[in-house]
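Given next are the chains, with one letter for each unit.
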Amino acid sequence: MADVPVVVPKNTPLTTVYATTNAVDFSADLTEDHESEVPFLALMNRLRSEKATEKEYKFAVSRFMPRTSLVNGAVNATAVGVSATITVDEGGYFNAGDVVEVPDANDDATHTSQLYLTGVSTNILTARPYKPGTYGCSAIADDAVIRVLFSATEESSDGRYSHLTVPTVYTQYIQIFEDYFSVGNIQQASKQYTTPEAVRGREEKRKKHAVDQEYAMYLALGVEDTSTTGKPRRQMFGLKSQLTSNVFPYGDLLEKGELWKAMTQIHNPAYSGGNKRLVVASGDLLAQCNDFASDTLRTQTRESTWGPDITDFQFAGKVWSFVEAPALSAARPGWGFILQPMFLKKRTLIPTTYRMNVQSPKSNYNEHGFITAMAIEIRLEEAMGYLKP
């Protein structure tokens, strides 16, 4: 039996009729948000990288032997030509044949703080005046800084004792990132207003996959979790975990003096790295620094060759290039990681790979996704650091 037609009474709103007869105007354009902006990952993909060959790897950093220690206990002045015995906190920094000085000692016409080391035994230094016939050793206060200046070896000597540092060995874990999505066979065969569902799902997961790596490189706390028998789970040591020497906390708002202090400490002459740094920062930290523009702290915005705009801050011959990081704006407002790209490296065990049709053969859906296994390597972390409220 045929359906009875619907009779529209008089004065029925036209919208009731149009809802049945009009085609839906649905834009084919799909607007996507920008949560996937990953400036640090983009930078790491352009820097030098190295293939990882294991799920855990080690790397070594060799540092110069420190040239200063603290005096442990006051030392009395000596008569002309008489040696002094000096106890220090770190005797391993010194070697017989070194010429040292104590900058804060009170030198006079018969006493000098420039001393020649004739012997080192653990933390005890035996020192004589550099010119024994003219001077005695100056009095030295407890906790005074004593510094190695240079060596001055005796003629026809047997040479100095071997004196080397041992490289510091670090461990890093390769972290596995995975993101999958599925589309039913009927859904995939159906016509969509916008892009096909598989295409939309792929782009959504691709961006999330990249954002996850960005967050991990900033905030991951390194661990090898073996609580699941036979299937350990690993997190890399991110920037927050690896940058421990230079952490600059500040109050509700960053003060100009605090920024200058951070700049001065990061560029300590004892460390290499030059006078330039890259700062990946939250939006609010970047805004605060912009307010510091003055004759002594100049700012300039320019485009980068790898994506985001860069704001340069110049102070006393030092240049910090700020890049806004959406992940930090969301998860760590007010934070900024101060980096030297020459000491950064991406280590990849499995490059980002799009895996298709990983479902079981009889499934009535298709499953696809991304996998990456990588970590970030940081060398000479004392040339870097971070700001945080």
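Just above, that's the structure.
This one's a predicted model, so the numbers in the text were calculated from it and none came from an experiment.

Caption draft 1: Inspection of the pattern of salt bridges at higher detail. Inspection of every chain in the model, using the stated rule, returns 18 salt bridges. One salt bridge connects Glu203 with Arg206, and the closest N-O pair in it is separated by 2.8 Å. With a gap of three residues between them, Glu203 and Arg206 both fall in helix 4 (residues 197–219), about one helical turn apart. Among the charged side chains, a salt-bridge network with shared partners connects Glu50, Lys345, Arg347, Glu377 and Arg379.

Caption draft 2: Quick peek at the sheet that holds strand 5 (residues 98–101). Pairing is antiparallel in the open sheet, where six strands are placed in the order 3-10-5-7-8-4. Looking at strand neighbours, the two that pair on one side only are strand 3 (68–70) and strand 4 (84–87), the edges of this open sheet. Along the sheet, successive strands turn relative to each other by an average axial angle of 40°, direction set aside. Note that strand 7 (residues 114–121) and strand 8 (residues 124–129) share six bridges and pair antiparallel. If you follow Ser121 over to strand 8, its bridge partner there is Ile124.

Caption draft 3: Seen up close, the nonpolar core. Of all hydrophobic cores here, the largest spans 42 residues; its most connected members are Phe40, Tyr218, Met236, Leu239, Phe337 and Leu339. With six residues, helix 4 is the single largest residue contributor to this core. Beyond its immediate sequence surroundings of up to four residues, Leu339 is in contact with Phe40, Leu239, Leu243, Arg277, Leu278, Val280, Leu344 and Met384. The next biggest cluster of nonpolar side chains, apart from the first, holds 19 residues, and it includes Ala262, Phe292, Trp320 and Leu387.

Caption draft 4: Molecular detail of unusual backbone geometry. Although it is not a glycine, Asp143 adopts a positive phi angle of roughly 70°. Position of Asp143 relative to the elements: it lies in the loop between strand 9 (136–137) and strand 10 (145–151). Even without a glycine there, the phi angle at Asn357 is positive, about 55°. Relative to the elements of secondary structure, Asn357 occurs in the loop between strand 21 (344–355) and strand 22 (365–378).

Caption draft 5: Quick peek at the sheet that holds strand 22. Read across the sheet, four strands follow the order 1-21-22-12 without closing on themselves; strand pairing throughout is mixed. Either end of the sheet is taken by a strand with one partner, and the two such strands are strand 1 (49–51) and strand 12 (175–184). Going from strand to strand, the sheet's axes swing by 30° on average, the running direction of each strand aside. Of the pairings in the sheet, the one linking strand 12 to strand 22 comprises ten bridges and is antiparallel in character. Counterpart to Tyr180 in the pairing with strand 22 is Gly369. Its contacts with the sheet place helix 2 (residues 39–46) against strand 21 and strand 22, and it is angled at close to 100° to strand 21. The sheet strands contacting helix 4 are strand 12, strand 21 and strand 22, and the helix crosses strand 12 at an angle near 160°.

Caption draft 6: Geometry of the layout of surface pockets. In this structure, the second largest pocket occupies an estimated 270 Å³ of space. Along the wall of the second largest pocket there are 16 residues; nearest its centre are Ala96, Gly97, Tyr116, Thr118 and Gly159. The class makeup of the residues in the lining of the second largest pocket is six nonpolar, seven polar and three charged.

Caption draft 7: Structural detail: the pairing of strand 21. One ladder, built from three bridges, connects strand 1 with strand 21; its direction is parallel. Paired with Ser49 across the two strands is Lys346, which belongs to strand 21. The pairing of strand 21 with strand 22 spans nine bridges and is antiparallel. Looking at strand 22, one finds that Leu344 is bridged to Ile378.

Caption draft 8: Representation of the environment of Phe313 within the structure. Within the fold, Phe313 resides in strand 18 (residues 309–315). By relative accessible area, which is 0% here, Phe313 ends up buried. Residues Phe313 and Asn290, spaced 23 residues apart in sequence, show a C-alpha to C-alpha distance of 8.6 Å.

Caption draft 9: Structural view of the pairing of strand 5. For strand 5 and strand 10, the ladder comprises four bridges, and the chain directions are antiparallel. Pairing of Glu101 across the sheet is with Arg147, part of strand 10. In this sheet, strand 7 lies alongside strand 5 in antiparallel orientation, the contact comprising three bridges. Looking across to strand 7, one finds that Glu101 is bridged to Gln114.

About the thresholds
Residues numbered from 1 in each chain as written. Predicted model: local features only at pLDDT ≥ 70, side-chain atom pairs only at ≥ 80, totals over all residues. Heavy atoms only, no water. Salt bridge = Lys/Arg side-chain N within 4 Å of Asp/Glu carboxyl O. Helix = DSSP H or I, 4+ residues; strand = E, 2+ residues; numbered from the N terminus. Pairing = 2+ DSSP bridges. Axes fitted to C-alpha atoms, helices over the stretch in contact; angles between N-to-C directions. Core = buried A, V, L, I, M, F, W, Y, C linked by side-chain atoms within 4.5 Å. Buried < 20%, exposed > 50% of the residue type's maximum accessible area, 1.4 Å probe, protein only. Contact = heavy atoms within 4.5 Å. 1 Å grid on protein atoms, 1.4 Å probe; cavity = no way out; pocket = protein on both sides within 12 Å on 5 of 7 lines; lining within 4 Å. Points joined across faces, edges and corners; volume = space filled by probe spheres on them. Nonpolar A, V, L, I, M, F, W, Y, C, P; charged D, E, K, R; others polar.

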